[in-house]
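Letter by letter, the chains look like this.
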Amino acid sequence: MTNTVEETTSIRTEERSSLLGRVAGSPLVRLIVRRVLIAIPLLFAISVLVFALLEAMPGDPARQQAGMDATEEEVESVRKRLGLDRSPVERYVSWLLGFLTGNLGRSTVSGQSVAVLVGERMAVTMELVLLAFALSLVIALPIALLAARKPGGVFDRIVMVISMTLLAVPNYVLALLLVLVFAVSLRTLPAIGFVPIEDGLWENLRSVTLPVLALGVPISCFYARFLRGDLVEQMNSADYIETARAKGVGPWRVLWVHAFRNSSFGLLTLVGLNVGGLVGGTIIIEQIFAMPGLGMMMLQGAMSRDVAVVQICVFIFAAVAVFANLVVDVMYAVLDPRIRYGSR
């Protein structure tokens, strides 16, 4: 009986080892590991660049913190307290080691833990970005498909004119127009402020509607125009489209199943490249709508020379863009096995 149990345990251990070996050796896992290994030095380079740029900024943070009327002794005291009396290399190494161990330092303005400040603000910015991203795709996909179904038709022309118009309007101008219409004239949505989800989902959605529209609508126009153009090109020139039509496949199925699959690669690339711009757009939008997110915190930190705050905010924005491109690369490989196996 004991031998039987031991044999069963041994067989299961071998099966688990075999399964782990197959997973570790799969082209997709190797691709993910390779992309992660590339992302690490990239993030390191970004952190060095951000630190160097902040060092190059004019002004003396110690003088700013101590006040313009402070004596030299008081300024030196502040400099020592903030660690500014050390060399830039020592300060960068100290920051990097703290970052790797979860210690992000303290705000030189408020004295609060930067990790706590980031935790409080992160949820606001991430909700804004995710909702704007979802809105842009929800608007862009059906519009692009409908416009590509009959290029040059009435709907296609209307879409092209509206999208071109909205693309020409900067998102901060669109934000102000939305405030004038929905907050000032119609009084249906709040112009400023943010209500956390814990205080009510409905009120939370009302508070983020205008910022999400200001961020998401211009991007949806960009996606719709790009996808529509790619779909039309596929429908007019691709051999596999002609083959599908010759087999009697319906026009909507040809568009959705055959053309859209190939066009989705171009859209994925665009989305990956656009994430950085979307996250960066929150800096202005949060300021306009008085939303307590990372964008507003970074802007306030830059104005007050709060190096620790600016440094981590810029790093987070860059890391989000790098991570988004990593996800896009993985999705490429999932959608097209040739990329998966070609990456060996």
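Here the structure is a predicted model, which is why all the values come from computation and not from measurement. (Residues numbered from 1 in each chain as written. Predicted model: local features only at pLDDT ≥ 70, side-chain atom pairs only at ≥ 80, totals over all residues. Heavy atoms only, no water.)

(A) Representation of the overall build of the chain in the model. The helix and strand tally for the chain stands at 14 helices and zero strands. Its helices and strands taken in sequence order, the chain reads α-α-α-α-α-α-α-α-α-α-α-α-α-α from the N to the C terminus. Its C-alpha atoms give the chain a radius of gyration of 26 Å, more than 25% over the compact-globule value 20 Å for 344 residues. A principal-axis box enclosing the C-alpha atoms of the chain has dimensions of 85 × 80 × 40 Å. Expressed as a percentage of the 344 residues in the chain, the buried residues total 38%. Taking as baseline every contact in the chain between residues at least 6 positions apart, the subset at least 24 positions apart corresponds to 71%. Roughly 19,100 Å² of accessible area belongs to the chain as shown, and the carbon and sulfur atoms make up 67% of that amount. In the chain, the 29 positive side-chain charges and the 27 negative ones have mean positions that sit 11 Å from each other. (Helix = DSSP H or I, 4+ residues; strand = E, 2+ residues; numbered from the N terminus. Rg over C-alpha atoms; globule rule 2.2 N^0.38 Å. Buried < 20%, exposed > 50% of the residue type's maximum accessible area, 1.4 Å probe, protein only. Contact = heavy atoms within 4.5 Å. Areas by Shrake-Rupley, 256 points an atom, 1.4 Å probe, with all protein chains shown as cover. Lys, Arg positive; Asp, Glu negative; His and termini not counted. Charge placed at Lys NZ, Arg CZ, Asp CG, Glu CD.)

(B) Summary view of the side chain of S220. Note on placement: S220 falls in helix α9 (residues 201–237). Residue classification places S220 among the buried positions, given a relative accessible area of 2%. Discounting residues that sit within four places of it in the chain, S220 has contacts with S136, I139 and A140.

(C) Looking closely at the packing of aromatic side chains. All chains considered together, the criterion is met by six aromatic pairs. The interplanar angle of 65° and the centroid separation of 6.3 Å between the aromatic rings of F44 and Y92 together place this pair among those described as edge-to-face. One end of the pair, F44, is in helix α2 (residues 27–56); the other, Y92, is in helix α5 (residues 88–100), with 48 residues separating them in the sequence. Since its relative accessible area comes to 45%, F44 is described here as partly exposed. By relative accessible area, Y92 is classed as buried at 11%. With a centroid separation of 4.9 Å and an interplanar angle of 80°, the aromatic rings of F99 and F315 are classed as edge-to-face. With F99 in helix α5 and F315 in helix α13 (residues 307–335), the pair connects residues that are 216 residues apart, well separated along the chain. An aromatic cluster of at least three residues, connected via ring pairs, comprises F44, F51, Y92, W95, F99 and F315. Over the ring of W252 we find R149; its NZ or CZ atom is 5.7 Å from the centre of that ring. (Phe/Tyr/Trp six-rings, centres within 6.5 Å; stacked < 30°, edge-to-face > 60°. Lys NZ or Arg CZ within 6 Å of the ring centre and 35° of its normal.)

(D) Inspection of helix α7 (residues 154–167) at higher detail. Relative to the 20 Å expected for 14 residues at 1.5 Å per residue, α7 spans 20 Å between its end C-alpha atoms, a close match to the ideal helical length. Those residues of α7 that fall on the buried side of the exposure criterion are D156, V159, M160 and S163. Angularly, the buried residues of α7 cover 100° about the axis, an arc narrow enough to put them on a single face. Among the exposed residues of α7, those oriented more than 90 degrees off its buried face are V154, R157 and V161. (Expected span 1.5 Å × (residues − 1). Arc of directions from axis to C-beta.)

(E) Broad picture of the nonpolar core. Of all hydrophobic cores here, the largest spans 66 residues; its most connected members are L231 and F289. Ranked by residues supplied to this core, first place goes to α9 with 13 residues. Aside from chain neighbours lying at most four places away, what touches L231 is A144, L145, A148, L255, A259, F260 and S263. (Core = buried A, V, L, I, M, F, W, Y, C linked by side-chain atoms within 4.5 Å.)

(F) Inspection of a nonpolar patch on the surface at higher detail. On the surface, Y172, V173, L177, L180, V181, V184, L186 and I284 cluster together into a nonpolar patch covering about 680 Å² of accessible area. In terms of residue count, helix α8 (residues 171–185) provides more of the nonpolar patch than any other element does, six residues in total. Counting through the fold element by element, L177 comes out in helix α8. (Patch = residues over 30% accessible without salt bridge, like charges linked within 9 Å, V, L, I, M, F, W, Y side chains within 5 Å. Salt bridge = Lys/Arg side-chain N within 4 Å of Asp/Glu carboxyl O.)

(G) Molecular detail of the environment of L267. By the secondary structure assignment, L267 is in helix α11 (residues 251–288). Given the relative accessible area of 8%, L267 is considered buried. The spatial distance from the C-alpha of L267 to the C-alpha of D230 is 9.0 Å, given a sequence separation of 37 residues. L267 has contacts with L141, Y223, F226 and L227, leaving out every residue within four places of it along the chain.

(H) Structural detail: unusual backbone geometry. Backbone geometry at R187 places phi at a positive 55°, although glycine is not the residue there. Structurally, R187 is set in the loop between α8 and α9. Relative accessible area serves as the criterion here: at 69%, R187 is assigned to the exposed category.

(I) Spatial organisation of the pattern of salt bridges. With the rule as written, the count across this model stands at three salt bridges. Across the pair E76 and R79 runs a salt bridge, and its minimum N-O distance is 3.2 Å. A residue pair is termed a helical-turn pair when its members lie 3 or 4 positions apart in one helix, as E76 and R79 do in helix α4 (residues 72–82) at three residues. Across the pair R228 and D156 runs a salt bridge, and its minimum N-O distance is 2.6 Å. Taken together, the residues span a long stretch of sequence, with R228 in helix α9 and D156 in helix α7 at a distance of 72 residues.

(J) Here's a closer look at the confidence of the model for the chain. Chain-level statistics for the chain give a pLDDT mean of 83 and a share of 90% at 70 or above. Mean pLDDT across the elements of the chain ranges from a minimum in helix α14 (residues 337–342), with 60, to a maximum in α8, with 92. (pLDDT = per-residue confidence, 0-100.)

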